[in-house]
Amino acid sequence: MDTQITTKLKILKPSNEVFEAIVDPEKMANYWFSSGSGRMEQDKRITWRYDEYNAEVEIRVLKVIENQRLVFSWGEDDEETVVTITINELDHVSTLIEVNESGLKEDDPEIVNKMIGQKEGWVYVLTCLKAYLENGVNSLRASLIH
């Protein structure tokens, strides 16, 4: 069974603006996590915080190609996954962003629920990113209720 999660969305902004909204913690706070301990840079460990949920996660930034790709890992040791964000500029005013999360355990009895949850989460994050970048909407983050 393929346990990878892939989510794609077109955003009507150039790739450099999409990239900056992801790597800059101050911009990210407008659509995703409340705060981050630093800018996403290769080989850095960063803590992202969700104040609304009193939660935080540490990520390891594995690869950064400016305006094109970000790769990071997150999760506990036995449940660590790798997230690859690919940014493809379609023209000077639109970008296709693709998120792929891999490493979910096929033999996990909760695999289907975890895959659905991760897919739901990535669709939501990319929708919030699109609303923020295209329309300046920053009130959607942390609104998803489980």
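Parameters at a glance
Residues numbered from 1 in each chain as written. Predicted model: local features only at pLDDT ≥ 70, side-chain atom pairs only at ≥ 80, totals over all residues. Heavy atoms only, no water. Helix = DSSP H or I, 4+ residues; strand = E, 2+ residues; numbered from the N terminus. Rg over C-alpha atoms; globule rule 2.2 N^0.38 Å. Buried < 20%, exposed > 50% of the residue type's maximum accessible area, 1.4 Å probe, protein only. Contact = heavy atoms within 4.5 Å. Areas by Shrake-Rupley, 256 points an atom, 1.4 Å probe, with all protein chains shown as cover. Salt bridge = Lys/Arg side-chain N within 4 Å of Asp/Glu carboxyl O. Pairing = 2+ DSSP bridges. Expected span 1.5 Å × (residues − 1).

> Sorry if this is basic, but what is going on with the overall build of the protein chain here?
What the protein chain contains, in helices and strands, is three helices and seven strands. Starting at the N terminus and ending at the C terminus, the protein chain contains elements arranged as β-α-α-β-β-β-β-β-β-α. For 146 residues, the compact-globule estimate of 2.2 N^0.38 gives 15 Å, and the C-alpha radius of gyration of the protein chain, at 15 Å, lies within 12% of that figure. Taken along its principal axes, the extent of the C-alpha atoms in the protein chain is 45 × 30 × 30 Å. Taking all 146 residues of the protein chain together, the buried fraction comes to 38%. Considering only residue pairs separated by 6 or more positions, the protein chain has 47% of its internal contacts joining residues 24 or more positions apart. Of the roughly 8100 Å² of accessible surface on the protein chain, 47% is carried by carbon and sulfur atoms.

> Would you take a moment to explain the pattern of salt bridges for this structure?
Close approach of charged atoms allows side chains of opposite charge to pair. Applying the stated criterion to the full structure yields ten salt bridges. Notably, a salt bridge pairs E98 with K8, separated by 3.8 Å at the nearest N-O pair. Of this pair, E98 sits in strand β7 (residues 94-102) while K8 is found in strand β1 (residues 5-11), placing the two residues 90 residues apart along the sequence. Looking at E98, the relative accessible area reads 23%, which means it is partly exposed. Notably, a salt bridge pairs E41 with K44, separated by 3.7 Å at the nearest N-O pair. Since its relative accessible area comes to 30%, K44 is described here as partly exposed.

> Got a minute to help me understand the pairing of strand β4 (residues 55-65) in this structure?
Working note: regular strand, side chains alternate between the two faces of the sheet. Strand direction decides the pairing type here: strand β3 (residues 45-50) and β4, joined by six bridges, are antiparallel. Across the sheet, the residue bridging to T47 is E58, located in β4. Between β4 and strand β5 (residues 69-74), which pair antiparallel one after the other, the connecting turn spans three residues, and N67 there sits at a positive phi close to 65°.

> I tried to follow the pairing of β7 on my own but got confused; where do I start?
Pairing of β1 with β7 involves seven bridges; the strand directions are antiparallel. Note that in β7 the partner of L9 across the bridge is I97. As judged from the nine bridges shared by strand β6 (residues 81-91) and β7, these two strands associate in the antiparallel manner. Of the residues in β7, the one forming a bridge with N88 is L96. A loop of two residues connects β6 with β7, the two strands running antiparallel in sequence.

> For this particular structure, what's the right way to read helix α3 (residues 111-135)?
Given 3.6 residues per helical turn, the α-helix brings residues three or four places apart onto the same face. When the terminal C-alpha atoms of α3 are compared, their 35 Å separation across 25 residues agrees well with the 36 Å that a helix rising 1.5 Å per residue should span. I111, M115, W122, V125, L126, C128, L129, A131, Y132 and L133 are the residues of α3 that are buried. Where α3 terminates, the next one or two residues include G136, which has phi positive at roughly 70°.

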